[in-house]
Amino acid sequence: MKSIAVKPSVRALALVLAAPLLAMAPLAQAQTADAPSAPQAAEQSAAALAPVPLGKLSDAARPKAYRIDLSVDPAQERFSGAVQIDVDLKQPSRFIDLHGRDLTVDRVEARVGGRTIAGHWHQLDATGVARVVFDEELPAGAAVLDFGFSAAYNSVPSGLYRVKVGDDWYVWSQFESIDARAAFPSFDEPGFKTPLTITLRTPQGLSAVSNAPEQSNRREGALDVHSFAPTLPLPTYLAAVMVGPFVKLEGQVVPTAQRPAPLPLRIVSTQPNARQLDFALDGSKEIVRLLEAYFNQPFPYPKLDQITSPIMPGAMENAGADLYGDSILVLDPKAATEQKRLFGMVVAHELSHQWFGDLVTPAWWDDIWLNESFANWMGFRIGGEWRPDLNIGAGGLAEGFEAMRTDALVAGRPIHQPIDTNAQIDEAFDTITYGKGGHVIAMIAAFMGDTRFRDGVRRYMHEHGNGNATSADFFRAMAEVSGDPRILPAMQSFTDQQGVPLLTFSANSDGGYDVAQSRYARLGAKPPVTRWGIPLCLHRLGGDTQCQLLTDEHARLRLGGESPLMPNAGGTGYYRFELPAAEWDALIAKAATLPGLEGLALADSLYASFQAGRATPRQLLDAARSLADNPDSYAAEAGIANLESLAGSGLLGKPGKKGMRRFLETIYRPKLEKLGFDPRAGYYAGEEPEVALQRERIVARLALAVRDGKLRGKLGAAAEAYLKGDAAALDPVWFAPAFAIRLGKGKLPAAKALADQALASQDPLFRPAALGALAGSGQPAVARWLLEDFADPRLRRSERIDLIAGVLGNGGTADYGFAWLKQNIGDLLGGSSGIFLANRLPRMLAGFCSSDKADAIEALLRPRLQGKTGALALERTIEQVRSCATLRQARGAEFTAALAKAR
């Protein structure tokens with residue numbers, strides 16, 4: 001990423017990004033000028049026995065049970081272990097294909113009918129496809145595979161990874177999607193569900209956590225041996241291994257109508273977080289109860305541990321042992337509204353997976369959308385039931401509307417698509433699966449009716465518990481419960497096709513509307529013709545909602561009344577709409593009084609209309625002004641966020657930028673004068689959440705975009721006092737604007753001081769906020785120091801990647817960051833670790849807005865990513881950058897002129 005000589009710290013970063021970028025062809029096919037060595041010859045011989053399965057394994061060998069015994073010392077750089085796998089062989093064979101990545105395997109044996117047959121391990125592919133070749137043919141039937149092995153810990157959340165927190169080392173596992181194979185030899189696919197019996201050998205005094213309850217802890221020499229009960233059938237990606245000097249807050253979920261006995265519950269975290277775990281314990285209890293009521297089934301596993309890790313970027317639904325980033329679980333009742341929202345949504349999402357994903361698991365990765373889309377919908381739904389005052393539920397549709405911006409690109413994929421190779425698996429974990437998928441689930445649930453949809457979910461769960469299922473199984477359950485045969489093809493038209501439907505309304509002579517469906521396209525884009533079965537629900541404001549399934553290209557709608565038309569009632573429809581100019585204006589005029597989700601639908605469709613060359617800048621400004629008065633925080637944010645998105649893409653000239661500041665000041669200064677502002681910690685604790693969130697956004701915009709001197713002075717002084725040790729001077733909710741102001745004033749010396757304080761801290765809010773302020777400073781001198789000279793050993797590898805992403809994502813430093821990337825790309829992609837990070841590299845570049853930059857990105861990355869994880873993200877980025885350039889050329893002057901005149 002840069003134009004300077006590569007520093008050692010950058011070479012370390014190379015180890016993180018490179019693994020997904022390695023060639024996916026069998027390693028044994030690599031050619032050298034010299035004759036192959038003995039190990040190379042053995043690999044070539046193994047690969048020649050049969051085609052190497054670069055995706056799904058065959059059913060020639062099926063695992064029946066695992067006994068996993070790992071020696072885990074977090075203070076060391078490597079771990080070791082033994083695993084025994086009971087398998088059933090479909091037919092006699094000299095070899096077995098399975099998985100293992102970067103393992104040093106020193107023993108392979110098969111025990112068959114009282115005999116032991118030696119085997120030889122060969123990793124044949126960079127994604128971890130392995131082949132064991134035996135000294136003689138194994139007969140069909142039952143066998144036991146026995147492995148001894150060791151491997152290095154990772155330093156990013158992939159496989160078994162370790163992190164130093166304060167003076168202590170900890171180990172966690174993160175195995176989804178295909179990283180269990182980096183911890184032990186396995187059949188690492190979701191379709192292979194078996195009981196797992198896990199034993200962890202640790203240094204004395206350390207805690208160990210896994211999926212099942214700990215049955216015993218005995219001393220063997222210098223080690224504690226933690227033995228866990230066998231699990232219910234699980235795929236390997238849901239296995240959990242956590243070791244360290246954890247603190248634990250214990251409780252239980254009281255019995256419910258579905259579960260007669262209490263459920264043991266613990267919050268498990270690192271030592272510095274010991275005093276901030278009560279909120280998570282209490283919240284988790286209530287969310288479990290709500291989920292049991294929805295599924296009408298007890299929690300599927302005998303205990304629940306909620307575990308935190310400082311570098312986990314999100315959360316993971318390990319059966320009975322969920323894992324979260326620290327900032328999701330570590331909070332208290334005075335935490336900011338956004339953090340509480342995040343807790344409710346993510347915890348409900350992950351715990352819903354205990355049923356939908358763990359108890360019933362996709363047969364293969366092509367159905368992972370169903371896992372994640374449903375859980376995303378449930379996360380917002382159940383989170384909203386847990387704390388209605390936080391308005392969590394609306395966030396699900398907000399994510400769906402945001403996903404439309406990606407789904408509108410020609411480069412993309414449908415929610416449900418074939419996955420033929422391991423390199424394609426991680427690309428399924430994107431905004432299409434989560435945002436679009438969750439929105440489509442919400443749309444179908446609304447159209448079917450909540451009770452019928454819930455009954456379909458219950459039927460699906462009952463039929464496939466402790467097993468595997470497919471999308472077809474889910475669709476079948478929904479069709480049977482709904483009694484409407486049209487539901488199945490309608491759902492599939494959204495899951496199996498890419499793109500966003502556009503419904504264009506025009507008045508007809510009957511006093512109603514003609515509506516035409518097409519695929520939405522931005523200026524200059526030419527997507528293929530697509531047709532959906534669209535659950536269309538609409539109403540006139542103040543009137544009744546009417547719904548129908550729109551399957552034809554054109555339809556005629558009868559709709560009486562004179563009030564403005566809302567073509568997406570409740571905002572649940574995954575589609576955009578286009579209206580005649582007068583109808584747009586009438587709806588915009590009522591934006592302040594719309595229900596929040598309908599306000600989101602208006603903002604999204606109007607923004608899309610502008611990007612397609614239709615809506616005017618004046619309409620965007622009117623909508624932003626009107627929506628800013630909407631009491632719903634999501635709707636109030638949407639219109640201004642659209643303007644900021646366009647401005648941040650480079651559409652505004654200097655007069656427009658000045659007008660934008662004036663426009664924001666006109667809207668927000670009176671609001672802040674009414675709300676008041678004090679940056680001290682806890683000053684607004686207990687305030688109504690929507691009001692508190694409104695203040696947070698207003699302060700950020702007035703301080704950073706408008707650059708209000710008085711406000712900046714107050715925040716800057718509070719930041720200085722806080723950084724000098726007065727924790728009461730600044731509430732964490734103000735960290736981002738306050739640290740940005742501090743860096744703007746203090747420049748590089750302030751940046752170095754803030755970096756040192758960040759790395760000395762383990763606070764789950766302060767440390768990432770401080771590093772984020774450094775990355776997004778917009779100051780070339782700070783960016784240069786971060787990328788070239790900042791080599792502190794306390795900086796975690798995942799944090800370094802975030803710094804690079806921040807430099808590339810800020811308009812003041814993006815060009816420098818890209819120049820650095822071009823100079824250092826070979827080193828960045830030259831190591832081996834962290835497969836899941838491949839998708840991030842292209843997305844770091846999506847903020848550019850010129851055809852020349854799109855060409856440069858294409859030239860730099862396409863040869864390196866073709867056919868590998870990250871290839872789709874790259875094509876999206878290239879198209880997005882070119883599309884932005886097209887929009888700027890076509891509408892930039894018009895947009896600038898409108899804002900220059902705005903008041």
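Structural notes, computed from the coordinates.

Reading the values: rules and limits
Residues numbered from 1 in each chain as written. Predicted model: local features only at pLDDT ≥ 70, side-chain atom pairs only at ≥ 80, totals over all residues. Heavy atoms only, no water. Disulfide = S-S within 2.5 Å. Helix = DSSP H or I, 4+ residues; strand = E, 2+ residues; numbered from the N terminus. Buried < 20%, exposed > 50% of the residue type's maximum accessible area, 1.4 Å probe, protein only. Core = buried A, V, L, I, M, F, W, Y, C linked by side-chain atoms within 4.5 Å. Contact = heavy atoms within 4.5 Å. Phe/Tyr/Trp six-rings, centres within 6.5 Å; stacked < 30°, edge-to-face > 60°. Lys NZ or Arg CZ within 6 Å of the ring centre and 35° of its normal. Axes fitted to C-alpha atoms, helices over the stretch in contact; angles between N-to-C directions. Parallel < 35°, antiparallel > 145°, perpendicular 65-115°, else oblique. Left-handed = near helix turned anticlockwise from the far one by under 90°. Nonpolar A, V, L, I, M, F, W, Y, C, P; charged D, E, K, R; others polar. Salt bridge = Lys/Arg side-chain N within 4 Å of Asp/Glu carboxyl O. Pairing = 2+ DSSP bridges. Expected span 1.5 Å × (residues − 1). Bend = angle between axes of the 7 residues up to and from the residue. Polar contact = N/O pair within 3.5 Å; in protein donor to acceptor, adjacent residues only side chain to side chain. Lys, Arg positive; Asp, Glu negative; His and termini not counted.

### Focus: the state of the cysteines
Now for step 1: For the structure shown, the criterion picks out 2 disulfides.
Now for step 2: Between the sulfur of C849 and that of C884 lies a disulfide, 2.0 Å long from S to S. Because the sign of the S-S torsion sets the handedness, a value of about -95° for the bond joining C849 and C884 places this disulfide among the left-handed ones. Taken together, the residues C849 in the loop between helix 24 (840-843) and helix 25 (851-865) and C884 in helix 26 (residues 871-900) connect sequence positions 35 residues apart. There is no split in this pair, since C849 and C884 are both buried.

### Here's the deal with the nonpolar core
Now for step 1: With 273 residues, the main nonpolar core has F147, F187, F453, F474, F505 and F739 as its most contacted residues.
Now for step 2: Residue contributions to this core peak at 11 residues, all from helix 19 (residues 735-759).
Now for step 3: Dropping the residues within four chain positions of it, F739 is found in contact with A719, Y722, L723, L730, L754, F766, A769, A770 and A773.

### Points about the packing of aromatic side chains
Now for step 1: According to the stated counting rule, one finds 44 aromatic pairs in the structure shown.
Now for step 2: Note on F505 and Y513: the rings are 6.1 Å apart at their centroids and 80° apart in plane angle, and the pair reads as edge-to-face. Side by side, F505 and Y513 carry an identical accessibility label, which is buried.
Now for step 3: Directly above the aromatic system of W169 lies the positively charged group of R162, at a separation of 3.8 Å from the ring centroid.

### Concerning the packing of helix 13 (residues 596-611) against helix 15 (residues 633-648)
Now for step 1: Look at helix 13 against helix 15: their axes get within 8 Å of each other, and the N-to-C directions meet at 15°. Judged by the angle between their axes, helix 13 and helix 15 are roughly parallel. As for the relative orientation of helix 13 and helix 15, their crossing is right-handed in sense. Where helix 13 approaches helix 15, its residues G596, G599, L600, A603, Y607 and F610 are matched on the opposing element by Y634, A635, A638, G639, N642, S645 and L646.
Now for step 2: Within the contact of helix 13 with helix 15, the residues separate by chemical class into 8 nonpolar, 5 polar and no charged.

### With respect to the environment of A738
Now for step 1: Positionally, A738 belongs in helix 19.
Now for step 2: Separated by 35 residues in the primary sequence, A738 and A773 have C-alpha atoms spaced 9.2 Å apart.
Now for step 3: Discounting chain neighbours no more than four positions away, the residues touching A738 are L715, A719 and L730.

### Quick look at the pattern of salt bridges
Now for step 1: Counted under the stated rule, the structure contains 56 salt bridges.
Now for step 2: Here D622 makes a salt bridge to R625, at a shortest N to O gap of 3.3 Å. Taken together, the residues span about one helical turn, with D622 and R625 both in helix 14 (residues 617-627) at a distance of 3 residues.
Now for step 3: Two residues, D855 and R882, come together in a salt bridge whose shortest N-O distance is 2.6 Å. Remark: R882 occurs in helix 26 and D855 occurs in helix 25; sequence separation between them is 27 residues.
Now for step 4: Residue class for D855 comes out partly exposed when judged on its relative accessible area of 38%.
Now for step 5: Shared partners join several salt bridges into a network, and the residues in it are E338, E637, E644, R697 and R701.

### Some words on the environment of G393
Now for step 1: Within the element layout of this structure, G393 appears in the loop between helix 6 (368-386) and helix 7 (394-407).
Now for step 2: Looking at G393, the relative accessible area reads 35%, which means it is partly exposed.
Now for step 3: The spacing of G393 and G379 is 14 residues in sequence and 8.2 Å in space, taken between C-alpha atoms.
Now for step 4: With residues up to four places along the chain from it excluded, the contact list for G393 reads F380 and G384.

### Looking at the environment of F356
Now for step 1: Here F356 shows up in the loop between helix 5 (337-353) and strand 20 (360-362).
Now for step 2: The class of F356 is buried, set by a relative accessible area of 1%.
Now for step 3: With 105 residues separating them in the primary sequence, F356 and M461 have C-alpha atoms 7.5 Å apart.
Now for step 4: Sequence-distant contacts of F356, defined by excluding residues within four places in its chain, comprise F295, L370, N371, F374, V457, Y460, M461 and F474.

### A short note on the packing of helix 7 against helix 13
Now for step 1: Closest axis-to-axis distance for the helix 7/helix 13 pair is 10 Å, and the angle between their directions is 10°. Considering their axes alone, helix 7 and helix 13 lie roughly parallel with respect to each other. Between helix 7 and helix 13, the residues in contact are A394, L397, A398, F401, M404 and R405 and L597, L600, A601, D604 and Y607, respectively.
Now for step 2: When its residues are assigned to classes, the contact of helix 7 with helix 13 shows 9 nonpolar, no polar and 2 charged.

### Concerning the sheet that holds strand 28 (residues 576-578)
Now for step 1: If you trace the 4 strands from one edge of the open sheet to the other, you get 26-23-22-28, paired in mixed fashion. Each edge of the open sheet carries a strand with a single partner, namely strand 26 (554-557) and strand 28. The sheet shows a mean angle of 25° between the axes of neighbouring strands, direction not considered.
Now for step 2: Taken together, the 3 bridges between strand 22 (residues 501-507) and strand 28 define a ladder with parallel strand orientation.

### Remarks on helix 25
A turn of α-helix holds 3.6 residues, and therefore any two residues three or four places apart point the same way.
Now for step 1: Helix length check: helix 25 (15 residues) gives 20 Å between terminal C-alpha atoms against 21 Å at 1.5 Å per residue, within 8%.
Now for step 2: A859 marks the point of greatest bend in helix 25, at about 30°, and the proline P863 comes within the next four residues.
Now for step 3: Within helix 25, burial applies to K853, A854, I857, L860, L861 and L865.
Now for step 4: Lining the buried residues of helix 25 we find helix 23 (814-828), helix 24 and helix 26.

### Side note on the pairing of strand 6 (residues 129-138)
Along any regular strand, the residues point their side chains to alternate faces of the sheet.
Now for step 1: With respect to burial, strand 6 is a largely interior element, 7 of its 10 residues being buried.
Now for step 2: Here 6 bridges tie strand 3 (residues 93-99) to strand 6, and the two strands are oriented antiparallel to one another. Bridge pairing in strand 6 places L98 opposite A130.
Now for step 3: Sheet analysis places strand 5 (residues 115-123) next to strand 6, joined by 5 bridges and oriented antiparallel.

### Re the sheet that holds strand 24 (residues 534-540)
Now for step 1: The 3 strands lie next to each other as 25-24-27, forming an open sheet whose pairing is antiparallel. Of all the strands in the sheet, just strand 25 (546-550) and strand 27 (565-566) have a single pairing partner and so form its edges.
Now for step 2: Where strand 24 meets strand 27, 2 bridges bridge the pair, whose relative direction is antiparallel. Of the residues in strand 27, the one forming a bridge with R540 is L565.

### Considering the side chain of S626
Now for step 1: By the secondary structure assignment, S626 is in helix 14.
Now for step 2: Only 3.2 Å separates the side chain of S626 from the backbone nitrogen of A592, close enough to count as a polar contact.
Now for step 3: Sequence-distant contacts of S626, defined by excluding residues within four places in its chain, comprise I588, A589, K590, A591 and A592.

### Points about unusual backbone geometry
Note on backbone geometry: most residues besides glycine have negative phi, and most peptide bonds are trans.
Now for step 1: Of the consecutive residues E176 and S177, the connecting peptide bond is found in the cis state with omega at 10°.
Now for step 2: In this fold, S177 is placed in the loop between strand 9 (168-174) and strand 10 (196-203).
Now for step 3: For D102, which is not a glycine, the phi torsion comes out positive at approximately 60°.
Now for step 4: Structurally, D102 can be placed in the loop between strand 3 and strand 4 (104-112).
Now for step 5: Even without glycine at this site, K747 takes up a positive phi of about 55°.

### Description of the pairing of strand 9
Now for step 1: With 5 of 7 residues buried, strand 9 is to be regarded as a mostly interior element.
Now for step 2: Strand direction decides the pairing type here: strand 8 (residues 159-165) and strand 9, joined by 7 bridges, are antiparallel. Residue R162 lies in a different strand from strand 9, and its bridge partner there is V171.
Now for step 3: Counted along the chain from strand 8 to the antiparallel partner strand 9, the turn is 2 residues long, and its residue G166 has a positive phi close to 65°.

### Digging into the side chain of E696
Now for step 1: Tracing the chain through its elements places E696 in helix 17 (residues 689-705).
Now for step 2: For E696, which is buried and forms no salt bridge, the nearest opposite charge comes from R697, at a distance of 6.4 Å.
Now for step 3: Beyond its immediate stretch of four places on either side in the chain, E696 contacts A336, T337, E338, V733 and W734.

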